[in-house]
Amino acid sequence: MPSALPVESIKLLSGQHHKPSIIRFQYGTAGFRTTASILDSVLFRVGIVAALRSKKLDGRTIGVMVTASHNPEPDNGVKLVDPRGEMLEASWEVHATTIANASTADDLVDALEVLVQTAKIDLHAPFWPSLVAALEDGFKAMGATARNAGVTTTPILHYLVRSINTKGTKYSYGEDTEAGYFAKLSTSYKKLVTGKAVQPPLVIDCANGVGALAAKTLNESLGNTLELVLENASTTTPGALNNACGADFVKVSQKIPPSLANVLQPGQRACSLDGDADRLIYYYLDDRGAFHMLDGDKIAALVAAFIIELVKVAGLEEKIKVGVVQTAYANGASTKYLQERLPVKCVSTGVKHLHHAAERYNVGVYFEANGHGTVLFSQPTVDILAEYQPSTPAQSRAVEHLVSLTELINQTVGDALSDMLLVEVVLTHKSYRGEEWDSLYVDLPNRLAKCSVPDRNAFKTEDAERRLVSPPGLQARIDELVLRYQGGRSFVRPSGTEDVVRVYAEASLKSQADELAMRVAGLVYDEAGGDPTSRPK
Ligand code: G16
């Protein structure tokens, strides 16, 4: 039977985007990630996969984000966004990986045929206008229409995808333009802080990434309700992206970007975005100039407590249950704090896992410790809020606030700017400075390390990545080591975005957490071999 795929144009254009022979690509935690110089064939093929995904879903818009995310500038990546603004469905990650690794044009067509058959894609269905960027040959090969969203943040792309797909329906998510995004965020922020004292200016480290452009527009939209002071906003300086700045730098090194040393005053709060503005880490210097980090766990604690309080004041605590989702990286002290107040679930790393777990709650708060996360309000919860008849002015105000929160929060995916405004709302309402927020609980000292090993796929985990099942025997050795440290906890997992194995450790004392991490990393190297010069110190 002749193929329904446009085989000739796929083969022709594929010839302009050869796959490097010895490289194996993998659609991991958040798309394909590797050195930018070898990604050309992947982008072409992702264009085709995006077009097929759109076909499969009756021509709905699919998003494609090209970004180095939190990684150094020579790295790059591409990830797909599903119609509701969520991450690509997991079963398609496998297809995307197979397609990216097909060696020749013939193999590529064969792999595409398998996808078309397995996913039962009707190639005769028409394409609707689609939003896709930069992958023109892939689209051209499939005859798909694309809308270029231009240079923007990952969460804005997710917002646009959902807005396009819900346009004109009762679930309309917002106007499908960047202007619509900024209007939605700033209008709801202004409603939420009406009548409250304006916060002192907030310093934002933009990681020299695209978040700088978005933060600038947001600053204008917010008017005098909040002043944003933009730092590390050099989006065109080569090599500056995520270099000694940004959310990942702050989280991993546990210090402020050196570029802020002369900017930040004691007591003043600041935050860092990552390169594509989907992660957010807050911090402040105390009166003695000591650095204090307010990471994703602290954001979850702050936000969950605030929402629970509003639900209670509104008189809706029987109907609306709030839950939190974390990963193994959540600080043990945060998990303890949260578990004493509400249901907490631990899932594997990767926003897609947290997102799906959070959907099970009426209001699901999810944040990775690295600052990636958001809050989801289920549709029945939104309906309850819309229909509720409050009996007192206090109840009425609380319901209005909850409704405004559903507008302020980007519910498609973690969004640093939307999360930042959410944090600012809570700080404003509670009259908290960084210090009061920080005192919700005291973090256990912790250390993250990475190990370059010959084959990270030799490391397999279970129990939400908290335990290793392979290499055999390694988990038992880690357990034995952990027992020797007071308050000790440690786990090892293969990264889904970098070719490394990650080691996390915490303990009651900082020196012990560091030592535990290094000793566990030592076990990993002893087991797996690897480059001794890259051993963490
Ligand atoms: C991505 C994912 C995050 C994940 C991070 C690290 O972040 O979206 O959910 O926590 O990678 O993953 P891993 O430890 O498996 O490498 P981003 O900001 O790059 O999109």
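Residues numbered from 1 in each chain as written. Predicted model: local features only at pLDDT ≥ 70, side-chain atom pairs only at ≥ 80, totals over all residues. Heavy atoms only, no water.

J.: Where do I start with the domain arrangement of the protein in this structure?
T.: In many analyses, interface size is given as the accessible surface area lost on bringing the parts together. In terms of domains, the protein is made up of domain 1 (7-148), domain 2 (178-294), domain 3 (296-438) and domain 4 (446-534). Each of domain 1 and domain 3 was reduced to a C-alpha centroid, and the two centroids are 34 Å apart. Every contact between the two is made by seven residues of domain 1 and, on the other side, eight residues of domain 3. Overall, the association of domain 1 and domain 3 removes approximately 600 Å² of surface from exposure, summing both partners, and the carbon and sulfur fraction of that is 54%. Summed over the three residues of domain 1 that lose the most area to domain 3, namely T29, E86 and M87, the buried surface amounts to 68% of that side. Seen at the junction of domain 1 and domain 3, the total is two salt bridges. Residue E93 is joined to K352 by a salt bridge in which the shortest nitrogen-to-oxygen separation is 2.5 Å. Where domain 1 touches domain 3, the interface holds two residue pairs in polar contact (both at pLDDT 80 or more). Among the residues making up the side of domain 1 that touches domain 3, the classes are represented as one nonpolar, three polar and three charged. (Domains from an automatic or database assignment. Contact = heavy atoms within 4.5 Å. Buried area = accessible area lost by both parts, 1.4 Å probe. Salt bridge = Lys/Arg side-chain N within 4 Å of Asp/Glu carboxyl O. Polar contact = N/O pair within 3.5 Å; in protein donor to acceptor, adjacent residues only side chain to side chain. Nonpolar A, V, L, I, M, F, W, Y, C, P; charged D, E, K, R; others polar.)

J.: How do you make sense of the packing of helix α3 (residues 90-101) against helix α4 (residues 105-118) when you look at a structure like this?
T.: A pair of packed helices is captured by two measures, namely the crossing angle of their axes and the spacing between those axes. For the pair α3 and α4, interaxial distance at closest approach is 9 Å and the crossing angle is 165 degrees. With respect to α4, the element α3 is oriented roughly antiparallel. Considering only the axes of α3 and α4, their crossing is right-handed. Note on element contacts: α4 touches α3 through L108, A111, L112, L115 and T118, opposite W92, H95, T98 and I99. Considering only residue class, the contact of α3 with α4 consists of six nonpolar, three polar and no charged. (Axes fitted to C-alpha atoms, helices over the stretch in contact; angles between N-to-C directions. Helix = DSSP H or I, 4+ residues; strand = E, 2+ residues; numbered from the N terminus. Parallel < 35°, antiparallel > 145°, perpendicular 65-115°, else oblique. Left-handed = near helix turned anticlockwise from the far one by under 90°.)

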